[in-house]
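Structural overview
Listed here are the chains, written in short residue letters.
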Amino acid sequence: MNDSEKELAKVYLTREEKDYIQEKLELIEKIEGQLKAKNISITEAEICLSEAMLKIEGLMTEAARRQSEELTSSKKTLSVNRTRKLKSKSKANKRRIMRTKQKSSSGKLVLFGLILAFSLGLSFSKLRLKANELNNSTAQEDKPQLSSVLVSEIVDPRDSFLKSRAPKVAASRIIIDLKSLNKLEKKNFNKQKELDDIRANLKPYTGPHFSGVDCNTLDKKVMAGYQAWFTAKGDGSGDDWFHYRAGNDMKPGKITIDLWPDMSEMDDDEKYATPFKHSDGSTAYLFSSYNPKTVDRHFGWMKEHDLDGVFLQRFGVNLKNSKMYDRRNQIMSFVQAAANKHGRAWATMYDLSGLRKGDIQKYLIPDWKALIDNAKIDHDKSYMYHKGKPVIAIWGVGFDDERDYSLEECEELIDFLKNDPRYGGNTIMLGIPSFWRDQHRDAEKHDRLHEVLSKADILSPWTPGRYRTPKEAKEHAEQYVAKDIAWTEAKGLDFMPVAFPGFSWQNLMRQKGKHAPLNHIPRLKGQFLWSQAYHYKKAGAKMLYLAMFDEVDEGTALFKCTNNPPVGASKFSDYEGLPSDHYLWLSGQIKRMYKGELKAKPQMVTR
């Protein structure tokens, strides 16, 4: 606001209001000073909208100018005498704004909101201020207390955050309660400090290293995705049955997995009792990814069956929650120790799912800096490199499913990870839609999609659920994968297709009130997985990503699962009578095929 606008504002403010503004400005200035001292900047304001939280990123200066002109043209209506009348009901309510005629009170409060908004130095871009909306609205019997600022606004109806968080709210007015804002700023300050402390406490792996897999290239490698997100009651994580339970329940009929892990080899300190029972009445047990002994066991299975290693999932939403963030870092340390012990490779895969606009800059980039500066993962001898650079995968770029973050933000992340003088210099792998090249079905239709993807080093389209039979897998490889590989080779990029053993999510969908058949995509005793791997190699693939090592939620797991799952209200799939290590063994055979040690043929090898 310029000087004339500030002078105009003073005309419509009482002394009490001026004192109140000054008090709030001093408080905000104090908070800003504390944040700046810790190199933290206020980048967003959080407000209450009918009990839903709405992020506001912008209030345009031009709107302030128009509002000022409108208020100037209606000076006669906005009487100074009227706006200075206050009705005192009690000492506790002496700051309540008097009931005045609608136009004068509305105009004064809108201008009051503008002064505060601009004085706080907040960047508001999604709001369009319209004084007429407020002036024409029905007057409230009781005006807001002085602790609240009433701002009339128009919210973009395409705002997915608003639609998802407050779908039934008529977004015509927003009450910005400065007291609530101050509490939220304090809460956010504490939250940020917790995240900073977790990053600062990251330590490099210093244990022994035993050689095994060549960690200098992805060529001829078969890697699996590793979720490592399961917890159990009594495992010390403080989060009982995460990714097993349905909501807050964990009992027959209330579970989200379709495959039951084989617990027969687990030691007693790796078994966690559940309310589920086997057919003989015995207790059914589950494992926890928060148990380092079990993570070590998983990597021992990889070594036994010659699976090269894993892409450890690092979920973006976990980076925002201190409890989950700390748990992911603990699990990462377990993975490092196990990979080094068993001579396996590992790499970081950021899953962007669930992130909102601005979160990549606010949470993901600081996390990567901490992984380099404090955890020093690029010095870990088991960390995967490709073409002389550490590998980092970014999953969730270019999908057409109304994600809050943009393609432009993904591009900025790619540029940072490739070109930053301290934290760049990486090999970037992107997890992208299956139909990215033609930009249809699961792919975002964006005129710069191909340009952004070409900035990466490896493209890896996500295929689970895109076909259901060996015949469809063959057609997908011929119609899409072969052309995808030709495109990437022309751009000087590598290509890592994704194969999966089958798919089943009946129990997961049941908790969402939907029906899904068990074994929705049949495994066919391994032929389905083998067909994908074979036809991808035939199409020209030189490396392969298997989804997933431990994904029992959607029934794509490769690790050991039982043919004797619990009975009762929840139904489970199994391995069709095959040994529980069948898909680990088959993964090893696929690895031999990609290395040229086993002749490639369409029919699965026999054991």
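A few points on the structure. Since this is a predicted model, take the numbers as computed values, not measurements. (Residues numbered from 1 in each chain as written. Predicted model: local features only at pLDDT ≥ 70, side-chain atom pairs only at ≥ 80, totals over all residues. Heavy atoms only, no water.)

Quick look at the pattern of salt bridges
Should their charged atoms come close, side chains of opposite charge can pair. In total, this model carries 30 salt bridges according to the counting rule given. Between D373 and R422 there is a salt bridge; the shortest N-O distance is 2.8 Å. Taken together, the positions of D373 in helix α11 (residues 359-373) and R422 in the loop between α12 (407-419) and β13 (427-432) put the pair 49 residues apart, joining distant regions of the chain. By relative accessible area, which is 44% here, R422 ends up partly exposed. One salt bridge connects R437 with D438, and the closest N-O pair in it is separated by 3.5 Å. Residue classification places R437 among the buried residues on the basis of a relative accessible area of 17%. Using a relative accessible area of 43% as the deciding quantity, one classes D438 as partly exposed. Through salt bridges with shared partners, a single ionic network connects D267, D269, E270, K293 and R297. (Salt bridge = Lys/Arg side-chain N within 4 Å of Asp/Glu carboxyl O. Helix = DSSP H or I, 4+ residues; strand = E, 2+ residues; numbered from the N terminus. Buried < 20%, exposed > 50% of the residue type's maximum accessible area, 1.4 Å probe, protein only.)

Some thoughts on the environment of Y575
Relative to the helices and strands, Y575 resides in the loop between β17 (544-546) and α17 (582-595). A C-alpha to C-alpha distance of 6.9 Å links Y575 and T562, two positions 13 residues apart in sequence. Within the structure, the side chain of Y575 is placed 3.2 Å from the backbone oxygen of A557, a separation counted as a polar contact. (Polar contact = N/O pair within 3.5 Å; in protein donor to acceptor, adjacent residues only side chain to side chain.)

Brief notes about the packing of helix α9 (residues 292-304) against helix α10 (residues 322-342)
Direction vectors running N to C along α9 and α10 enclose 35°, while the axes themselves pass 9 Å from each other. Considering the relative orientation of α9 and α10, their crossing is right-handed. Across from P292, V295, D296, F299, G300 and K303 in α9, the residues of α10 making contact are F334, V335, A338, A339, K341 and H342. Classifying every residue of the contact of α9 with α10 gives 7 nonpolar, 2 polar and 3 charged. (Axes fitted to C-alpha atoms, helices over the stretch in contact; angles between N-to-C directions. Left-handed = near helix turned anticlockwise from the far one by under 90°. Contact = heavy atoms within 4.5 Å. Nonpolar A, V, L, I, M, F, W, Y, C, P; charged D, E, K, R; others polar.)

Side note on the packing of helix α16 (residues 527-539) against α17
Packing of α16 against α17 brings their axes to within 11 Å, and their N-to-C directions diverge by 10°. By the criterion of interaxial angle, the relationship of α16 to α17 is roughly parallel. In this structure, α16 crosses over α17, and the sense of that crossing is right-handed. Note on element contacts: α17 touches α16 through Y583, L586, Q589, I590, M593 and Y594, opposite L529, W530, A533, Y534, Y536 and K537. In terms of residue class, the contact of α16 with α17 is built from 10 nonpolar, 1 polar and 1 charged. (Parallel < 35°, antiparallel > 145°, perpendicular 65-115°, else oblique.)

Some remarks on unusual backbone geometry
Looking along the chain, the bond that leaves A547 and enters M548 is cis, with omega of -5°. Within the fold, M548 resides in the loop between β17 and α17. One non-glycine residue, R441, lies in the positive phi region at around 55°. Looking at the element boundaries, R441 is found in the loop between β13 and α13 (449-453). With relative accessibility at 54%, the residue R441 sits in the exposed group.

Points about α16
Each α-helix winds once per 3.6 residues, and so residues spaced three or four apart point in a common direction. An ideal rise of 1.5 Å per residue puts 18 Å on 13 residues; α16 measures up with 18 Å between its terminal C-alpha atoms. Most of α16 is tucked away: 10 of the 13 residues are buried. Within α16 the residues assigned to the buried category are Q527, F528, L529, W530, S531, Q532, A533, Y534, H535 and Y536. Against the buried residues of α16 lie α14 (470-490), β16 (498-499), β17 and α17. (Expected span 1.5 Å × (residues − 1).)

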